[in-house]
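# Working through the structure, step by step
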Amino acid sequence: MASTKICALDDLEPNEAIKVEIGGVNIAVVRDSNGAVFAIGDTCTHGDISLSEGFVEGDTLECWAHGSKFSLKTGRPLTLPAYEPVPVYQVDLIDGDVFIDPLVTIAV
């Protein structure tokens, strides 16, 4: 599968997460306060909760249900109760648009 255009970069609000689905894969897309864009698996590994409904704090996305914080850079949980990471997807910015390929994960 090739990269899929998600949205224009300007459509992403800083420190907010949105949920997108590409080819059956749910992905949380976040633009941080510095303007960097991240894409991680949208499902909390602790409770099957949508991470995009959570809270962006610095370079983390916090699950609203039980408080696990996941690194936007590595997908690793930084707080309990989650202990399994979520996948991190490559984000490409092309001509002001955000592209993601759900088959390309970043190994960290």
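Since the model is a prediction, treat every value here as computed from it, not as a measurement.

### Some thoughts on the sheet that holds strand E7 (residues 69-71)
The strand order across the open sheet built from 3 strands is E5-E6-E7, with neighbouring strands paired in antiparallel fashion. Edge strands, defined here as strands with exactly one partner in the open sheet, are strand E5 (55-57) and E7. The mean inter-strand angle of the sheet, taken between neighbouring strand axes irrespective of direction, is 30 degrees.

### Observations concerning the side chain of aspartate 42
Topologically, aspartate 42 is positioned in the loop between strand E4 (37-41) and E5. This buried residue, aspartate 42, is left without a salt bridge; lysine 19 holds the nearest opposite charge, at 4.0 Å. A distance of 2.7 Å separates a polar side-chain atom of aspartate 42 from the backbone nitrogen of serine 52. Apart from residues no more than four positions distant in its own chain, aspartate 42 is found in contact with Lys19, Asn26, Ile27, Ala28, Ile49, Ser50, Leu51 and Ser52.

### Quick word on a negative patch on the surface
Among the surface-exposed residues, Asp10, Asp11, Glu13 and Glu16 lie close enough to one another that they form a single negatively charged patch. Along the chain, aspartate 10 turns up in the loop between strand E1 (4-8) and strand E2 (16-22).

### Quick word on the nonpolar core
By size, the foremost hydrophobic cluster in this structure holds 16 residues, and its most contacted members are Val30, Ile40, Cys44, Leu51, Leu61, Phe70 and Leu72. Elements supplying a minimum of two residues to this core: strand E3 (25-31) and E4. Listed in part, the 13 residues of the second largest apolar core include Val20, Ile22, Val29 and Tyr89.

### Concerning the UniProt feature "domain: Rieske" (unreviewed entry) in the protein
Mapped onto this numbering, the UniProt entry gives "domain: Rieske" (unreviewed entry) at residues 4-100. Secondary structure content for residues 4-100 is 0% helix and 45% strand, while the C-alpha to C-alpha distance between its ends is 5 Å.

The rules behind these values
The residue count restarts for each chain, going from 1 along the sequence in the order it is written. It should be noted that, the model being predicted, local features are given only for residues of pLDDT at least 70 and side-chain atom pairs only at 80 or more, the latter also being counted only at that level, while totals for whole chains, interfaces and linings use all residues. Values reported for side chains reflect all heavy atoms of the structure, with hydrogen atoms and water molecules removed beforehand. For two strands to be treated as a pair, DSSP must find no fewer than two bridges joining them. Helix and strand labels come from DSSP, where a helix needs a run of H or I of at least four residues and a strand needs a run of E of at least two; each type is numbered from the N terminus. Only the stretch in contact is used when fitting a helix axis, every axis being a line fitted to C-alpha atoms; angles between N-to-C directions are given from 0 to 180 degrees. Throughout, exposure labels follow a simple rule: accessible area from a 1.4 Å probe, protein chains only, divided by the maximum for the residue type, with under 20% read as buried, over 50% as exposed, and the rest as partly exposed. Within this scheme the basic residues Lys and Arg register as positive and the acidic residues Asp and Glu register as negative, but His and the chain ends are omitted. Each reported salt bridge corresponds to a side-chain nitrogen of Lys or Arg within 4 Å of a carboxyl oxygen of Asp or Glu. Throughout this description, a polar contact denotes any pair of N or O atoms lying within 3.5 Å of each other; where both atoms belong to protein, one of them has to be capable of donating a hydrogen while the other can accept it, and for residues adjacent in sequence the pair is counted only when both atoms sit in side chains. Residues are treated as being in contact if the distance between any of their heavy atoms lies within 4.5 Å. The residues that make up patches have over 30% relative accessible area and no salt bridge, and they are joined within 9 Å when like-charged or within 5 Å when they are Val, Leu, Ile, Met, Phe, Trp or Tyr. What sets the accessible areas is the Shrake-Rupley method with a 1.4 Å probe; for residues, cover comes only from the shown protein chains. Lysine's charge is taken at NZ, arginine's at CZ, aspartate's at CG and glutamate's at CD. The definition of a nonpolar core used throughout is a set of buried Ala, Val, Leu, Ile, Met, Phe, Trp, Tyr and Cys residues joined through side-chain atoms within 4.5 Å. UniProt positions are given in the numbering used here, feature names are shortened, and annotations may be inferred rather than shown by experiment.

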